[in-house]
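Survey of secondary and tertiary structure
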Amino acid sequence: MRPSDKAKVRHRRLVHVVLIALSFSLMFIGKADLVAMRDLRMSSNDFLAPVIDFVSAPIRGVETMAEGIRTVASLRAENVRLQAENDLLQRWRRRAEILESENQQLRSVTGTVSDENRSLITARAVTAPGGSFAHTILIAIGNESGIAAGDPVVTSNGLVGIVYEVGRAYARVLMISDINARIPVMLASSSWPGLTIGRNGEYLELAFLPAEARPEVGELVLTSGHGGILPAGLAVGRVDRVDGDDIRVRPAVEFRNLGYVSVLIGGTEGVDRSDLSQGSFFTPLPIDDDKRLLEGVNASGTRQ
Amino acid sequence: MKDQQSYFEKADFQSNLPKQFLVMFVAVLLVLLEVGLAQWPFFYGASPLLSLIFMYFIMIYHDELMPIMTVFIMGLIADFLMSDILGGRATALMLLSYAMRVGVLRLQQSDFMDLWVGFAVSCTAVMLFQLIVFTVVHFAVPSLSPLLFQLGFTLILFPIGFVMMFSIQRLLQTLQVMR
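Residues numbered from 1 in each chain as written. Chains lettered and ligands numbered in written order. Predicted model: local features only at pLDDT ≥ 70, side-chain atom pairs only at ≥ 80, totals over all residues.

**Here we look at the pairing of strand E2 (residues 136-139) of chain A**
Within a regular beta strand, the side chains point alternately toward one face of the sheet and then the other, so they alternate between its two faces. Residues and elements named next belong to chain A. Residues Thr136 and Leu138 point to one face of E2 and Ile137 and Ile139 to the other, with burial holding for every one of them. Of the strand pairs in this sheet, E2 and strand E5 (residues 171-175) are connected by four bridges, and their pairing is antiparallel. Following the sheet pairing, isoleucine 137 is matched in E5 by valine 173. (Buried ≥ 20, exposed ≤ 12 C-beta atoms within 10 Å, placed from the backbone. Helix = DSSP H or I, 4+ residues; strand = E, 2+ residues; numbered from the N terminus. Pairing = 2+ DSSP bridges.)

Below, the structure is given as structure tokens:
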């Protein structure tokens, strides 16, 4: 072996060791959630997102074509189904109008302040979760459009997640199915508060329900509005299975077919958003036994 | 004074650098394709690890074309885009490439079934490493079914990917001979 070859081998070994050490330390530096790392992440997303968009164009094309073929094959059956659904929706619309008017009257009587100062901005989902370790999506909208970390992301069916990293032209959304997502919710029919916890899978776990709560399969789960980040009343999902303390919720949104999403901007004036990108979206209930919260349940979960 | 011997060394006329760049380009493209594939509802949350198949093939037959820097960049881009723990996949892939360099001669002489088994072990090791890191960092275990689906589908795709890459390799060799 020539001396220069020996030097090359030494140099290569050194590079191996340095890169493995760097990569290993990145795992801890990344977890420390430094501002620089966050900026690096978003810069890389801003840079790579258009490339992903370009690369995945054929995939989207194939999917659209397959969807078109499926739709054509079932056109007649779909038409019948849609007509029936339309009739049902017409009835629901009338009912909703009555309820809305009734709701407005009750609000005016009780003097409730309505939280309607949010505006809606729609964006395309550029990516979908590709791995089992994180459920996040990139959306084609950034701080140029005025969105900020903590803004809720929704579709017409319900809550998708929360914006947690914002770049110049792209933002990353933490989906409610991610293992780091904790959404303060309440059961629609009984108003018991709880938390949904993502499992990086298809379903969410409903936890921290008071012992008195009796969730039923099919019951709607809505955001409770605790913490002030998420508005109350967004559909999160429906109770899918109740097995003792193990309560499973199926998300209201079909995440597999996310094409476009809407970001709710504003409405969190006065809420401290400085810590949002660290995943602390949920403000824990204060441990104060005397304080009465929802439905007369205190922070320890006992009924008063 | 510079060592006299170094003046008489042969110039590196056949540098691998352009080929290494090409391999890096393809590897990064495959990572992007992995991310893109997730938009297909079938692969939601568990797109197959195409880049790992590519890396496995190149490491066996052309390891000189895939320096560890390529593996690092490949892993890091995947970590960035999939929002995984930064450096998780990069470390796993680099450790795998290191292990493969040690046993590359044995792998080169293996038949296809052994290579497939070897790939299954490698793929499982990479995922297991990421799972352990994830569990340690988050103190929680993610849903395992998408992980198993991802593993299973990657293993199913391995023969197809392998045959495709073998064909491309043959084609390139033929073109080289003709030239």
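**Focus: the sheet that holds strand E9 (residues 220-223) of chain A**
Residues and elements named next belong to chain A. Sheet architecture is closed into a barrel: six strands sit in the order E6-E7-E8-E11-E10-E9, paired in antiparallel fashion. Strand-to-strand twist across the sheet, computed as the mean angle between neighbouring axes with direction ignored, equals 40 degrees. Both strand E8 (residues 204-207) and strand E11 (residues 246-251) contribute to a ladder of three bridges, which runs antiparallel. Bridging across to E11, leucine 204 finds its partner in valine 249. (Axes fitted to C-alpha atoms, helices over the stretch in contact; angles between N-to-C directions.)

**Quick word on helix H3 (residues 68-81) of chain B**
Residues and elements named next belong to chain B. Under the 1.5 Å per step criterion, the end-to-end length of H3 is 20 Å for 14 residues, consistent within 8% with the ideal 20 Å. Within H3, 12 of the 14 residues are buried, leaving the element largely enclosed by the surrounding structure. Listing the buried residues of H3 in full gives Ile68, Thr70, Val71, Phe72, Met74, Gly75, Leu76, Ile77, Ala78, Asp79, Phe80 and Leu81. Directly after H3, the chain includes serine 83, whose backbone phi takes a positive value near 60 degrees. (Expected span 1.5 Å × (residues − 1).)

**A short note on the interface of chain A and chain B**
Counting residues at the interface gives 41 residues for chain A and 47 residues for chain B. For the side of chain A that touches chain B, the elements supplying multiple residues, two or more each, are helix H1 (3-31), helix H2 (35-55) and helix H3 (57-73) of chain A. Looking at the side of chain A that touches chain B, its residues break down into 18 nonpolar, 15 polar and eight charged. (Contact = placed C-beta atoms within 7 Å. Nonpolar A, V, L, I, M, F, W, Y, C, P; charged D, E, K, R; others polar.)

**Focus: the pairing of strand E10 (residues 235-243) of chain A**
Residue and element names in this part refer to chain A. Here three bridges tie E9 to E10, and the two strands are oriented antiparallel to one another. Of the residues in E10, the one forming a bridge with leucine 220 is arginine 238. Note: E10 against E11, six bridges, orientation antiparallel. Paired with aspartate 243 across the strands is aspartate 246, a residue of E11.

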